[in-house]
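# What the coordinates show
Residue strings, one per chain:
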Amino acid sequence: MSQPSERIALPATPALARVSRQVWLALGIAIIAGSMLPSAVTSTLAITLLTQAVIGGILATAVGLVIRQTGLVSFGHAAFFGLAGYFIALPAKHGLWPLELSIVLAIAMPTLLAFLLGLVIVRIPGVAFSMLTLAIGQAFHEFAVRARLVTGGDDGLAINLPRTVFGVATEVFQRPQTMFVICWVALVGVLFGLHLLVRSRFGRVTTAIRENEERARFLGYQTVVPRALIFAISALIGAIAGTLFALYNGFVSPESLHWSLSGSALIMAIVGGTRLLWGPALGAVVFFFFKDVAGDLTEHWPAMIGLMLIAVTVALPMGISGALTKLLDRIRPAGVRRDG
Amino acid sequence: MLLQILNGLVYGGLLYILAVGLVLIFGLRRVVNFAHGSLFMVGAYVGYAVATYFGNFWVGLAVSVAVLAALGVFLDAVVFRPLQREDPIVTVLVTFGILLVLEDAVRTIWGKDFLSLKPPEALAGTVQILGESFPTYRLFVIVLAAAVAIGLSLWLRMSRIGLFVRASSVDRTTTAILGVNTDRVSIIVVAAGAALAGLSGTVSAPLLALSPSMGSFILIDSFIVVVVGGLGSFSGAFFAALIIGQLHNFGVVYVPAAATMIPFLLMVGILIWRPSGFAGQHV
């Protein structure tokens, strides 16, 4: 007789209470290991590369989320990444308001923009969505290049950072050793947030829409708004990456809006695999180290990356993370099905 | 004013020749070739290299069209056909990889610097149109685009292959059941699409500066054309290219800072009104 009361109590239990012990453990290990990594890795070059990879990983996670929850492939996520940088650089240039407010706006405005855009473009099926996001992203890039008076054009803008941000010395954001930890914690936080999201009712509704939009609509679900929300959440994550990148470099340029960045983030997501939430971030690490190694060996690293993309797309449709978990499940006698 | 409209027609014409290749391939294979801009770029470079070597623009044009047609046959055999049972997005990703490889190859062979090609001597002058002088070569581009549009619609309406293409773009499965060898038709169509990309690439070489990234710029505009026109629609692509060409040109002249935003705003507007483009059926 105690069961019904438990069931009624279930919705009241916060989402956090339903997180399994393994996930808490993984979360703890990830944060501790990440915080200790800079003292273990002495080479500044390696830690710089890792910091870039983690920022890239956050952006790739954003792209991967859209693929995972809607099945749509975005070629335009650099727009949200780069816009965040300009939302920090422009007010700082004119001394409009404190940096703290800029950071809030840099994350909020691209999210809002993505939600409004999403209401229009998530209705566009399949491949056309990719074409549209590419065109939209590039429109922002072109605007940043042309509007020289506002954005400084191709030269970009240096960001005048104050001495402290949220009470933390700005220097902390610009030294790779400390910035790595900040970015790492941000990435782990994003992944944890998404873990909660995809298991929530909302996450399951979006999965249902991805599987069969018509049937989901038949069952009485709104299908446009949830997908626009996923697009907006993804833009929020992309804007977090863009904000970290702008603080780290103290500089923004139209390159941060260029479609080749969107393309790279997409490659990271595909190479890492999007079925698992941490796949795109793994793909980012692989991407940056591959680029570093290939860049030392040959001038033709763009072609190498292109070939890697083709090889993974054709041979490992679930990406590296998918292949890894498959391998692990085969080794383990009773493979437990895991996702997220 | 008249000159502005004509200039808009030049860009619209180039866009049309490129975009209609995308439409052809989409109609048959239901995939979008993200490397189409690179085919345009490779076409421009091949045309440039052959034309400067022989000192004759027309030889360059002919060789470029032939080389690109061969590249199209190759692409269909190694990419589009083996991937036809996969999700269309797989082909998108693979052609995106090809884009990176082709850009890198061109950068290696011809370098990063801007190159330029002179228009053929016969078309180097200007003509008087209603009292205003207009470069003959630009007029030639407009005429060529019109000829492509007429030729293509005649081919699609009159020839057997054209019938198969139209049938296949409406319903592939039924077309195949009725005994049409869609793989054979597809080779021809993809080769034609690639050849058109080569044609527009070489023809645009005297108008635009050649650089390895020239393909992505026009690819994005031709995507706007294809999406606004309605994926898979030939007439939709034709009208959309004309409109985008005019808007692009007026934008560059009157509001240079926002020129590239105009086609984009138009696109968003059209999609709010009709999510599948103005001549689109359900994709």
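Note that the coordinates shown come from a computational prediction; the quantities given were computed from them, not determined experimentally.

### Considering the overall build of chain A
- Each helix and strand counted, chain A has 16 helices and four strands in total.
- The C-alpha atoms of chain A give 21 Å as radius of gyration, which agrees with the globular expectation for 340 residues (20 Å, within 12%).
- When its C-alpha atoms are laid out on the principal axes, chain A stretches across 70 × 45 × 45 Å.
- Each of the 340 residues in chain A was classed as buried or not, and the buried ones make up 46%.

### Focus: the overall build of chain B
- When you go through chain B residue by residue, the secondary structure sums to 11 helices and two strands.
- When the helices and strands of chain B are placed in sequence order, the string is α-α-α-α-β-β-α-α-α-α-α-α-α.
- Relative to a compact globule of 283 residues, whose C-alpha radius of gyration would be 19 Å, chain B shows 18 Å and is just as compact.
- Along the longest, intermediate and shortest principal axes, the C-alpha atoms of chain B span 55 × 45 × 35 Å.

### Here we look at the interface of chain B and chain A
- Contact with chain B, which involves 34 residues of that partner, is made by 33 residues of chain A.
- Of all elements in the fold, only helix H4 (88-110), helix H9 (214-229) and helix H11 (261-273) of chain B reach the threshold of two or more residues within the side of chain B that touches chain A.
- Per-element tally for the side of chain B that touches chain A: the top contributor is H4 of chain B, with 15 residues.
- Considering only residue class, the side of chain B that touches chain A consists of 28 nonpolar, four polar and two charged.

### As for the confidence of the model for chain B
- Here chain B shows a mean pLDDT of 86. Residues at 70 or above account for 97%.
- Of the two predicted TM-score estimates for the complex, the pTM is 0.86 and the ipTM is 0.82.

### Digging into unusual backbone geometry
Residue and element names in this part refer to chain B.
- With a phi angle near 55°, Arg30 is a residue other than glycine that sits in the positive phi range.
- For Arg30, the position within the fold is in the loop between helix H1 (2-29) and helix H2 (36-54).
- You can call Arg30 partly exposed: it has 19 C-beta atoms within 10 Å.

### Regarding helix H10 (residues 234-254) of chain B
Residues and elements named next belong to chain B.
- Here H10 contains 21 residues, and its C-alpha end-to-end distance of 30 Å stays within 8% of the 30 Å for a straight helix at 1.5 Å per residue.
- Taken residue by residue, H10 has Phe234, Gly236, Ala237, Phe238, Ala240, Ala241, Leu242, Ile244, Gly245, His248 and Asn249 as its buried positions.
- Lining the buried residues of H10 we find H1, helix H5 (136-158), H9 and H11.

### Brief notes about the environment of Val65 of chain B
Residues and elements named next belong to chain B.
- One can find Val65 in helix H3 (residues 57-80).
- Taking the C-alpha atoms as reference, Val65 lies 16 Å from Leu24; in sequence the two are 41 residues apart.
- For Val65, the contacting residues outside a window of four places in its chain are Ala195, Gly198 and Leu199.

Here is what the cut-offs are and how they apply
Residues numbered from 1 in each chain as written. Chains lettered and ligands numbered in written order. Predicted model: local features only at pLDDT ≥ 70, side-chain atom pairs only at ≥ 80, totals over all residues. Helix = DSSP H or I, 4+ residues; strand = E, 2+ residues; numbered from the N terminus. Rg over C-alpha atoms; globule rule 2.2 N^0.38 Å. Buried ≥ 20, exposed ≤ 12 C-beta atoms within 10 Å, placed from the backbone. Contact = placed C-beta atoms within 7 Å. Nonpolar A, V, L, I, M, F, W, Y, C, P; charged D, E, K, R; others polar. pLDDT = per-residue confidence, 0-100. Expected span 1.5 Å × (residues − 1).

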